[in-house]
Amino acid sequence: MPGDVNRGVRLSGAVMAHPQRREAAARLAGGVLDVVTDPDPGGRPSAFRTSLLAWSSIPGDSTHHFLLHDDMVLSSTFFQRAERAARAMPHAALALFAFWNSRNGAAVRQGALAGARWVAGAGEYTPVAALLLPKEVAEGYVEWAAGRGDTWPDDVLMGRYLRQAGVPVFVAVPSLAEHEDLASLVDNDFQGVRRSPCFFTDDPLAGLGEDAVLDDLPVIPFFKRGVAQCAVRVPGSGRWRDLRCEDYLAGLGIDAGALVARAGAGAHGALWLTAYTMGVVHRGREPGDAQVVGGGRGLGDARVVDEALATMGAGGLCHELSGRELGRLSAELHEVARSGLEAGLGAGPADRSPRSVTSPPPIPSIAALGPSATVAVSGAETFVREHLAHALTDRGLRLAAAGDSGVPVVHVCALGWSPDADPEEELRLARAAFAGGRSGVLLSSVHVYPQRKWVDEETPVSPAATPVSRALLQVEAAAPGAVVLRLGEPYGPGMPQLGPVADLVLRSSLNRPAPVSGRPVQLVHVQDVAGAVLAALERGVAGRVYNVANRKRLRMSELAEAVSQAVRPMDVETSDEPPGPLVNVERAGVELGWRESVTPDYGLHTFAQWLAYESDRS
């Protein structure tokens, strides 16, 4: 086959298929590649069995092996580019295809802007529909993955193994293969149309070597499930965080809402904002900064950039629109993406907005938040505390040591939602945080309230009805000068993997339905918690209590339906235990200007991504 032997590289390849599509696989193999079929076609739908067999069947004289799904279309230069890339990056895993709505697909778009041939993987699953591995890496994966076939999908398992083994992943720009719109045999049709972010049958970058690599992108904007969002690399680690583009831009002093309104993008404002953020990231961390992320200069090939923009809108809406509907909107979505990118590339100081000024509260707020304000964050190590620390620095605030009594403190009490919270330790931490009457924000819990149908901040909470509510009252008493935020059930990436929310998301991710029982829940996403903290720091009244939770309380059946829509469809039996009180949250809206802004779809989906990509849950 092309590129047999060159500088010690010898490629081999195979097409994996279900027996129902053996003929299609044989046509793709073209008499050159092996065809490997599902060893248990009557078993539970899974690509893992076939892929493990295929990665186990590499010819002895090969140095590198690629595996194709049977529903792929190859570019005319597929074999030549694959061989050259294996020579240029002999120890790397090379994804020759990525999906248009994934982080990796978004990284491909950033690579197109920078004129790169390859871009570093974006810390999610590794695309396996067209993947090339060094032989020793494939052998290591087979040994590691054996016995794990009943856990995560094969692309998640591949991503986990490559991270653990320290194998770098690079994704092709443009893709070397495209996904055909055939019915999924492993129950993935719920994802909608699945295509490449940028594919050509020819090679628009024929004169560019395979060593043109865009590595270490700190921020990757992407449009998924109708939301403008970013994957942000955690400095000094291999981890990533998810946040919305509006929050990322707010840290640069840009009011995303005002920008979108001026742009006139209408119903496609989220797409416009994603493309705008792409332009800002390409130019540099700050608007007007001439430095280009990754060391690029200007824009890459115009044809490649334009194709990458053409797929953005469809990729972000494919979960809810059919292929026909996406085709009808194609030209309109393409133009919105072009407009957003152009605006982002030209972003300058004029796009910055001064911090919004609101009417002063009845008594002075606890902190005057300027562009360089300083706060401390304290409390036990929890996902809420970690997220708050990131969110505050995202907005340009400086973090002081928890013991710095000269600045306001944001203290996170984990009672009511963390299974590891110890009442005595939580009280000790709160007393230390607010010693000497220090001002700040205390995050408490709605579990302080008595068992009633409906409660608000004026509902009597003493005497305490339960040990948890008694402990929470003691913590609140330790912070007399603080703004108190009583949280609903906090959830999001990093949350404890216990309780009905985590259980349903995990079962949906792994396609393992089972009966679930629990009390109705009034959730609040950690990004909304951060928004409430910022509002409390700027406009909160010392000594006043605010409830912070989603307005709607979800029964188990409603939670299961939300998870099925956000993660993966599943039929699950649910039952409700006696509900707690419905918590009124109007005061936070009236006095702080806070409203929940994270939809359950986005919130549950980002938690599912964290479970798959960042957690150690098997």
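Residues numbered from 1 in each chain as written. Predicted model: local features only at pLDDT ≥ 70, side-chain atom pairs only at ≥ 80, totals over all residues. Heavy atoms only, no water.

1. So, the sheet that holds strand E16 (residues 409-412)
Piece 1. Spatially, E15-E14-E16-E17-E19-E23 is the arrangement adopted by the six strands of the open sheet, whose pairing is parallel. Lying at the two open borders of the sheet, with one neighbouring strand each, are strand E15 (398-400) and strand E23 (545-548). Looking at each pair of strands side by side, their axes are set apart by 30° on average, direction ignored.
Piece 2. Of the pairings in the sheet, the one linking strand E14 (residues 374-379) to E15 comprises three bridges and is parallel in character. Residue pairing in the sheet places Thr-374 in a bridge with Arg-398 of E15. (Pairing = 2+ DSSP bridges. Helix = DSSP H or I, 4+ residues; strand = E, 2+ residues; numbered from the N terminus. Axes fitted to C-alpha atoms, helices over the stretch in contact; angles between N-to-C directions.)

2. Some thoughts on the sheet that holds strand E12 (residues 227-233)
Piece 1. Strand order across the open sheet formed by three strands is E11-E12-E13, with antiparallel pairing between neighbours. The open sheet has two free edges, formed respectively by strand E11 (219-224) and strand E13 (240-244), since each of these has just one partner strand. With direction set aside, neighbouring strand axes in the sheet form an average angle of 30°.
Piece 2. Sheet topology note: the E12/E13 ladder contains five bridges and is antiparallel. Among the inter-strand pairings, Cys-230 is bridged to a residue of E13, identified as Leu-243.

3. Considering unusual backbone geometry
Piece 1. A cis amide bond, omega -10°, links Val-173 with the succeeding residue Pro-174.
Piece 2. Mapped onto the fold, Pro-174 is located in the loop between strand E8 (169-172) and strand E9 (177-179).
Piece 3. Here Ser-462 and Pro-463 are connected by a cis peptide whose omega angle stands at 5°.
Piece 4. Note on placement: Pro-463 falls in the loop between strand E18 (454-455) and helix H15 (467-477).

4. So, the environment of Gln-451
Piece 1. With respect to the helices and strands, the residue Gln-451 is situated in the loop between strand E17 (440-445) and E18.
Piece 2. Here the alpha-carbon distance between Gln-451 and Thr-466, two residues 15 residues apart in the chain, equals 9.7 Å.
Piece 3. Excluding its chain neighbours within four sequence positions, the residues that come into contact with Gln-451 are Arg-519, Pro-579, Gly-580 and Pro-581.
Piece 4. Of the polar contacts made by the side chain of Gln-451, one reaches the backbone oxygen of Pro-579; its length is 2.6 Å. (Contact = heavy atoms within 4.5 Å. Polar contact = N/O pair within 3.5 Å; in protein donor to acceptor, adjacent residues only side chain to side chain.)

5. Side note on the pairing of E11
Piece 1. Burial analysis of E11 places six of its six residues in the buried class, which makes it a mostly covered element.
Piece 2. Burial of E11 is two-sided: the residues Val-219, Pro-221 and Phe-223 facing one way and the residues Ile-220, Phe-222 and Lys-224 facing the other way are all buried.
Piece 3. Pairing analysis gives six bridges linking E11 to E12, with the strands arranged antiparallel. Within E12, the position partnered with Ile-220 by the bridge is Ala-231. (Buried < 20%, exposed > 50% of the residue type's maximum accessible area, 1.4 Å probe, protein only.)

6. Section: the packing of aromatic side chains
Piece 1. This structure, assessed with the given rule, holds 11 aromatic pairs.
Piece 2. When the ring of Phe-78 is compared with that of Phe-79, the centres are 5.3 Å apart and the planes differ by 85°; the resulting orientation is edge-to-face.
Piece 3. Its relative accessible area of 1% is what places Phe-78 among the buried residues.
Piece 4. Ring plane angle 90° and centroid distance 5.6 Å describe the contact between Phe-383 and Trp-417, whose orientation is recorded as edge-to-face. Residue Phe-383 is found in helix H13 (residues 383-394), and its partner Trp-417 is found in the loop between E16 and helix H14 (423-433); the two are separated by 34 residues along the sequence.
Piece 5. Looking at Arg-148, its charged tip hangs above the ring of Trp-144, at a distance of 4.1 Å from the centre. (Phe/Tyr/Trp six-rings, centres within 6.5 Å; stacked < 30°, edge-to-face > 60°. Lys NZ or Arg CZ within 6 Å of the ring centre and 35° of its normal.)

7. What about helix H8 (residues 256-263)?
Because the α-helix completes a turn every 3.6 residues, residues three or four places apart line up on one side.
Piece 1. The N-capping residue of H8, defined by a side-chain oxygen 3.1 Å from the backbone nitrogen of Gly-257, is Asp-255.
Piece 2. Looking one or two residues beyond H8, the residue adopting positive phi is Gly-264, at roughly 65°.

8. Description of the environment of Asp-247
Piece 1. Checked against the element boundaries, Asp-247 lands in helix H7 (residues 245-250).
Piece 2. Sequence-wise, Asp-247 and Arg-395 are 148 residues apart; in three dimensions their C-alpha atoms are separated by 7.5 Å.
Piece 3. With near-sequence residues (within four places) excluded, Asp-247 lies in contact with Arg-395 and Gln-527.
Piece 4. Only 3.0 Å separates the side chain of Asp-247 from the side chain of Arg-395, close enough to count as a polar contact.

9. A look at the confidence of the model for the chain
Piece 1. Averaged over every residue, the pLDDT of the chain is 89; the share at 70 or more is 92%.
Piece 2. Long-range and interchain partners of residues 285-297, a stretch whose pLDDT sits below 50, account for 29 contacts in this model, where long-range means more than four residues apart.
Piece 3. For the stretch residues 355-365, pLDDT sits under 50, and the model shows 16 contacts to residues farther than four places along the chain or on other chains. (pLDDT = per-residue confidence, 0-100.)

10. Looking at the pattern of salt bridges
Piece 1. For the coordinates displayed, the defined rule picks out 31 salt bridges.
Piece 2. We note a salt bridge from Arg-44 to Asp-150, for which the minimum N-O separation is 3.0 Å. Here the residue Arg-44 occupies a position in the loop between strand E2 (34-37) and helix H2 (48-55), and Asp-150 occupies one in the loop between helix H5 (135-145) and helix H6 (154-165), the gap between them amounting to 106 residues.
Piece 3. For Asp-150, a relative accessible area of 49% puts it in the partly exposed group.
Piece 4. As a salt-bridge pair, Arg-544 and Glu-591 come within 2.8 Å of each other at their nearest N and O atoms. With Arg-544 in the loop between helix H17 (526-539) and E23 and Glu-591 in helix H19 (residues 586-592), this residue pair connects regions lying 47 residues apart in the sequence.
Piece 5. Overall, Arg-544 belongs to the partly exposed group, its relative accessible area being 29%.
Piece 6. With a relative accessible area of 30%, Glu-591 lands in the partly exposed category.
Piece 7. Residues joined in a network through salt bridges with shared partners are Arg-81, Arg-84, Arg-117, Asp-203 and Glu-210. (Salt bridge = Lys/Arg side-chain N within 4 Å of Asp/Glu carboxyl O.)

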